[in-house]
Amino acid sequence: MTHISGFERSQLLLLPEAIDDYVGLDNPVRFIDAFVDGLDLGKAGFARVEPKATGRPGYAPGDLLKLYIYGYLNRVRSSRRLEAECYRNIELIWLLRTLKPDFKTIADFRADNRAAFKAVFRAFTLLCKRLDLFGRELLAVDGTRIKAVNNKDRNFTRNSLDKFIKAADERLADYLERLDQGDAAEKTPGGARVKNLAEKIEALRDKRGRYDAMLKDLERTGEDQISLTDPDSRAMAAHTRVAVGYNIQIAVDAKSKLIVDQQVTNQVVDMGLLQETAEPAREILDVEKIDVVADKGYFRTEDIAACEKAGLMPHVPKPQRGSSVSNGFFRKDEFRYDPERDAYTCPAGHELKPIRHGKLREMTKIDYANAEACRACPLRSRCTDASYRAVSRLEHEDALDRMAARLKARPEILDRRREIVEHPFGMIKQWMNQGAFLTRGLEKVRAEFSLTALVYNLRRALNILGMDKMMEAVRA
Ligand code: SF4
């Protein structure tokens, strides 16, 4: 008995096999090929779709786009690794018809066409819509933080700069004092110890100057922080850690857990991003109204009201915050508002009427109270530590009341949110190994995430429908 053996490496084969034979009919690489061939790359915004009339011929954008989609689908994202794969990976040799672009050409293609990748993501989303993969009834919105090419040590806030400058001043004062003492002790000014100290002082002054310039920059621009390697990235909380990165927002349709739309921002918190993320998704799904669920990090009165106006029916739990909650007093939602009487009923059953008007951000704010009732109230110790309790109502609070009613009618929707959004983020971070971006700058990072979201959708759609249906759709 012998083992199964291959051909001798030096043996000439009588009939060379075609590359096509190495790629099975159900190989996703065939779908990538057909999908990109069906795109209008010029309309999507890719440069050099028409070859130049003169000079050295360049690679067709379609070929480089296929290379990137294949790479992201197979966890190969760096241009150097993609170049290497072009030489040894039979699927890529098939996909690129033996083309072997160098890593610089590959990297430049992603950088030069950064705005066009979102259009490719959109084109695939529209294909999913045609294939009825969206339920178009419920969107879950969520955000995650992905690390940027910027170390934490190269990110500064006003606070950290103030601290560094203060520490530098203290050390400078100490060095100067030691320098004076050194001069006196060494008698001959400019001795070795003194020279050493003078150098340290020079270096520290230089460093302090750089901190000072950064602080002035922050004051001039009104920004809160400055990142030196990737200036667009920001320090933001990712679970229990703070990392310098970007905030990724996705709107996911509940039916197949496909990403309908996505955006990358450097806003540190999710608050205020609900409408911005969900509205383009509603437009893509082409529905007038759609339910949207998000976690309490998105709770912002103006945003909830804006969502309703835009046909998005938000379901966002109200975070329990404020002094009443921290002091253990009756929560605001324990006071019932009656729009007809324009009054609140408090837990003791008294009516609270408007007492003053004010402003919060851009919204009018009305305080309601009944000081007389509070004075004699047996529940006062559970309600306030002041002489009376005032409850505020904001301009758009009717939208919050309607949202509370929706949540009361469908409390299970919050559990569905977790199940819907955890799938894409889990896949992207674990399976696709997208723990950090490779490029710098908001626009380039957006291009990167468009590719990530595209291949997440592509893999999922292929899993749900299979190659035959997907190929049929892309050829239609
Ligand atoms: S303290 Fe005032 S607002 Fe609070 S329960 Fe008593 S009467 Fe109502």
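Predicted model only: the values in this text are computed from it and were never measured.

Caption draft 1: Geometry of the domain arrangement of the protein chain. Structurally, the protein chain comprises domain 1 (19–112), domain 2 (134–148 + 234–318 + 404–454), domain 3 (153–227) and domain 4 (323–397). Distance between the C-alpha centres of domain 1 and domain 2: 30 Å. Between domain 1 and domain 2, the contact holds ten residues from the first and twelve residues from the second. When the two sides are added together, the surface that domain 1 and domain 2 hide from each other amounts to roughly 1,000 Å², 66% of it contributed by carbon and sulfur. The largest contributions to the domain 1 side of the interface with domain 2 come from Tyr 72, Arg 75 and Arg 77, which together make up 58% of the buried area. The interface formed by domain 1 and domain 2 contains one salt bridge. The salt bridge involving Glu 448 is made with Arg 77; its shortest N-O contact spans 3.1 Å. Joining domain 1 to domain 2, the criterion identifies three residue pairs in polar contact (both at pLDDT 80 or more).

Caption draft 2: Structural context of helix H6 (residues 103–112). Those residues of H6 that fall on the buried side of the exposure criterion are Ile 106, Phe 109, Arg 110 and Ala 111. Buried residues along H6 sit against helix H3 (61–73), helix H4 (79–88), helix H7 (117–130) and helix H16 (442–465). Backbone nitrogen of Lys 104 and a side-chain oxygen of the N-cap are separated by 3.0 Å at the start of H6; the cap is Asp 102.

Caption draft 3: Just a nonpolar patch on the surface, in detail. On the surface, Ile 19, Tyr 22 and Ile 90 cluster together into a nonpolar patch covering about 250 Å² of accessible area. Relative to the assigned elements, Ile 90 resides in helix H5 (residues 90–95).

Caption draft 4: How the structure looks around the sheet that holds strand E9 (residues 336–338). Strand order in this open sheet of five strands is E9-E10-E11-E12-E13, and the pairing throughout is antiparallel. Each end of this open sheet is capped by a strand with a single partner; those strands are E9 and strand E13 (390–394). Each neighbouring strand pair of the sheet contributes to a mean axis angle of 35°, computed without reference to strand direction. Bridging between strand E10 (residues 343–345) and strand E11 (residues 351–360) involves two bridges; their strand directions are antiparallel. If you follow Thr 345 over to E11, its bridge partner there is Glu 351. Helix H14 (residues 397–409) contacts E9, E10 and E13 of the sheet and is inclined by roughly 95° relative to E13.

Caption draft 5: Just the side chain of Arg 393, in detail. Relative to the helices and strands, Arg 393 resides in strand E13. Among the polar contacts listed, one links the side chain of Arg 393 to the side chain of Tyr 344, at a separation of 3.1 Å.

Caption draft 6: Focus on the site of the ligand. Around the ligand sit Cys 346, Ala 348, His 350, Ala 373, Cys 374, Cys 377, Arg 380, Cys 383 and Arg 389, and those are all the residues in its vicinity. Assessed atom by atom at 2 Å from the grid points, the ligand resides in the largest cavity. When the residues that make up the shell around the ligand are grouped by side-chain class, the tally is six nonpolar, one polar and two charged.

Caption draft 7: Fine view of the layout of surface pockets. Taken as a whole, the largest pocket encloses approximately 810 Å³ of empty space. Every residue lining the largest pocket is counted, 29 residues in all, and those nearest its centre are Lys 318, Arg 321, Gly 322, Lys 332 and Ser 392. Of all elements in the fold, only helix H12 (323–326), E11, strand E12 (363–369), E13 and H14 reach the threshold of two or more residues within the lining of the largest pocket. For the lining of the largest pocket, the leading source of residues is E13, giving four residues. Grouping the constituent residues of the lining of the largest pocket by class yields ten nonpolar, seven polar and twelve charged. Approximately 660 Å³ is the volume found for the second largest pocket. What lines the second largest pocket is a set of 22 residues, and nearest its centre among them are Asp 333, Leu 400, Asp 401, Ala 404 and Ala 405. Elements with a contribution of two residues or more to the lining of the second largest pocket: E9 and H14. A per-element tally of the lining of the second largest pocket places H14 first, with eight residues. Here the residues of the lining of the second largest pocket are counted per class, giving 13 nonpolar, one polar and eight charged.

Caption draft 8: Seen up close, the side chain of Asn 89. Take Asn 89: it is sitting in the loop between H4 and H5. On the basis of relative accessibility, which here comes to 14%, the residue Asn 89 falls in the buried class. Within polar-contact distance, the side chain of Asn 89 engages the side chain of Tyr 70 at 3.0 Å.

Caption draft 9: How the structure looks around empty space enclosed by the protein. By the definition in use, this model includes two cavities of 30 Å³ or more. Here the largest cavity is characterised by a volume of approximately 130 Å³. Residue lining of the largest cavity: 16 residues in total, with Cys 346, Ala 348, Cys 374, Cys 377 and Cys 383 positioned closest to the centre. Its residues placed into classes, the lining of the largest cavity shows eleven nonpolar, three polar and two charged. In terms of residue class, the lining of the second largest cavity is made up of two nonpolar, two polar and two charged. There are two domains that each give the lining of the second largest cavity at least three residues, and those are domain 1 (19–112) and domain 2 (134–148 + 234–318 + 404–454).

Caption draft 10: Local environment of the pairing of strand E1 (residues 138–147). The buried fraction of E1 amounts to nine of the ten residues, a majority that puts the element mostly inside the structure. Two elements, E1 and strand E7 (residues 290–293), share three bridges in a ladder whose sense is parallel. Within the sheet, the bridge partner assigned to Leu 139 lies in E7 and is Val 292. In this structure, E1 lies alongside strand E5 (residues 241–253), joined through nine bridges in antiparallel fashion. When the sheet's bridge partners are listed, Lys 147 is paired in E5 with Gly 245.

Procedures and definitions
Residues numbered from 1 in each chain as written. Predicted model: local features only at pLDDT ≥ 70, side-chain atom pairs only at ≥ 80, totals over all residues. Heavy atoms only, no water. Domains from an automatic or database assignment. Contact = heavy atoms within 4.5 Å. Buried area = accessible area lost by both parts, 1.4 Å probe. Salt bridge = Lys/Arg side-chain N within 4 Å of Asp/Glu carboxyl O. Polar contact = N/O pair within 3.5 Å; in protein donor to acceptor, adjacent residues only side chain to side chain. Buried < 20%, exposed > 50% of the residue type's maximum accessible area, 1.4 Å probe, protein only. Helix = DSSP H or I, 4+ residues; strand = E, 2+ residues; numbered from the N terminus. Patch = residues over 30% accessible without salt bridge, like charges linked within 9 Å, V, L, I, M, F, W, Y side chains within 5 Å. Areas by Shrake-Rupley, 256 points an atom, 1.4 Å probe, with all protein chains shown as cover. Pairing = 2+ DSSP bridges. Axes fitted to C-alpha atoms, helices over the stretch in contact; angles between N-to-C directions. Near = heavy atom within 4 Å. 1 Å grid on protein atoms, 1.4 Å probe; cavity = no way out; pocket = protein on both sides within 12 Å on 5 of 7 lines; lining within 4 Å. Sits in = over half its atoms within 2 Å of the grid points. Nonpolar A, V, L, I, M, F, W, Y, C, P; charged D, E, K, R; others polar. Points joined across faces, edges and corners; volume = space filled by probe spheres on them.

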